[in-house]
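# Analysis of the macromolecular model
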Amino acid sequence: MKELAQILESVYLHYEIQPDIQAFHISHAALAFVNKHFYTNDGMMDVESARSESTLSKIAAEMKQNLRLVEQAGIPVIPAETKAVLELSDDEIISRQRQMLTNDFIIVVKLGNHAVSQKAEILLLDEMFHKKLSNLR
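Summary of the structure given here. Keep in mind it's a predicted model, so treat the numbers as computed, not measured. (Residues numbered from 1 in each chain as written. Predicted model: local features only at pLDDT ≥ 70, side-chain atom pairs only at ≥ 80, totals over all residues. Heavy atoms only, no water.)

What follows concerns the overall build of the protein chain. Of regular secondary structure, the protein chain possesses nine helices and two strands. Projecting the C-alpha coordinates of the protein chain onto the three principal axes gives extents of approximately 45 × 40 × 30 Å. In the protein chain, the share of contacts with a sequence separation of at least 24, taken over all contacts with a separation of at least 6, comes to 72%. For the protein chain, the exposed area adds up to about 8,800 Å²; of that, 57% sits on carbon and sulfur atoms. Between the centroid of the 14 positive side chains of the protein chain and the centroid of its 19 negative side chains there is a distance of 5 Å. (Helix = DSSP H or I, 4+ residues; strand = E, 2+ residues; numbered from the N terminus. Contact = heavy atoms within 4.5 Å. Areas by Shrake-Rupley, 256 points an atom, 1.4 Å probe, with all protein chains shown as cover. Lys, Arg positive; Asp, Glu negative; His and termini not counted. Charge placed at Lys NZ, Arg CZ, Asp CG, Glu CD.)

Quick look at the structure:
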């Protein structure tokens, strides 16, 4: 790990060594699964619908709900930037999400073909996440 860190440093790439990688992945998943709100019955919603108040309100509320579930299960929410989401207002989260959805790369990641192909996996993992963390409380 230290050798990899040195390589990343040598090419000026940011990295963080996570002492609790499981908590890191669970925290990340708590935020990633909210993308399920972009799915429609026949694929993904268009960018304008994704940027809508109604869609982003659901995402903001679920981001906070998921992170609270993580905390209530006794799992640390990390990194600090992820934990800080709990302190943001829904309007701040909506604004940040809307801004992200102006970036072409983010649009492709969240609404593109890869996201479409991952629908069944995301929905199943979201369901398992909620069942597992609800049972840990």
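Moving on, there is more to tell.
Okay, the pattern of salt bridges next. Within the structure shown, the criterion is met by seven salt bridges. Between Lys 83 and Glu 71 there is a salt bridge; the shortest N-O distance is 2.4 Å. You can see Lys 83 sitting in helix 5 (residues 80-83) and its partner Glu 71 sitting in helix 4 (residues 53-72), a full twelve residues away along the chain. When its relative accessible area of 38% is taken as the criterion, Lys 83 is described as partly exposed. (Salt bridge = Lys/Arg side-chain N within 4 Å of Asp/Glu carboxyl O. Buried < 20%, exposed > 50% of the residue type's maximum accessible area, 1.4 Å probe, protein only.)

With respect to the element layout, Asp 126 can be found in helix 9 (residues 119-136). Leave out the neighbours within four places in its chain, and Asp 126 touches Phe 33, Lys 36 and Glu 62.

Turning next to the environment of Ala 50. The topology assignment puts Ala 50 in helix 3 (residues 47-50). A C-alpha to C-alpha distance of 11 Å links Ala 50 and Ile 94, two positions 44 residues apart in sequence. Apart from the residues lying within four places of it in its own chain, the contact partners of Ala 50 are Phe 38, Met 45, Thr 55, Leu 56, Leu 101 and Leu 111.

Soluble globular proteins tend to pack their nonpolar side chains together in the buried interior. Grouped together as the largest cluster of nonpolar side chains are 35 residues, with contacts concentrated most on Phe 38 and Val 70. When contributions to this core are tallied by element, the ones reaching two or more residues are helix 2 (21-32), helix 4, helix 6 (90-100), helix 7 (104-111) and helix 9. The leading source of residues in this core is helix 4, at seven residues. Look past the residues within four positions of Phe 38 in its chain and what remains in contact with it is Gly 43, Met 44, Met 45, Ala 50, Thr 55, Ile 59, Leu 101, Lys 110 and Leu 111. (Core = buried A, V, L, I, M, F, W, Y, C linked by side-chain atoms within 4.5 Å.)

Another aspect to go through is the side chain of Gln 97. Among the structural elements, Gln 97 can be located in helix 6. The residues touching Gln 97, leaving out its near neighbours within four places in the chain, are Leu 56, Ile 59, Met 63 and Lys 110.

Glancing now at the layout of surface pockets. Reported here for the largest pocket is a volume of approximately 890 Å³. Forming the boundary of the largest pocket are 32 residues, of which His 28, Leu 31, Ala 32, Asn 35 and Lys 110 lie nearest the centre. When contributions to the lining of the largest pocket are tallied by element, the ones reaching two or more residues are helix 2, helix 5, helix 6, helix 7, helix 8 (113-117) and helix 9. Across the lining of the largest pocket, the residue classes break down as 20 nonpolar, eight polar and four charged. There is about 240 Å³ of room inside the second largest pocket. Taken together, Gln 22, Ile 26, Ala 29, Phe 33, Ile 75, Leu 125, Met 128, Phe 129, Lys 132, Leu 133 and Leu 136 make up the full set of residues lining the second largest pocket. Going through the elements one at a time, helix 2 and helix 9 are the ones with two or more residues in the lining of the second largest pocket. By residue number, the principal contributor to the lining of the second largest pocket is helix 9, which donates six residues. (1 Å grid on protein atoms, 1.4 Å probe; cavity = no way out; pocket = protein on both sides within 12 Å on 5 of 7 lines; lining within 4 Å. Points joined across faces, edges and corners; volume = space filled by probe spheres on them. Nonpolar A, V, L, I, M, F, W, Y, C, P; charged D, E, K, R; others polar.)

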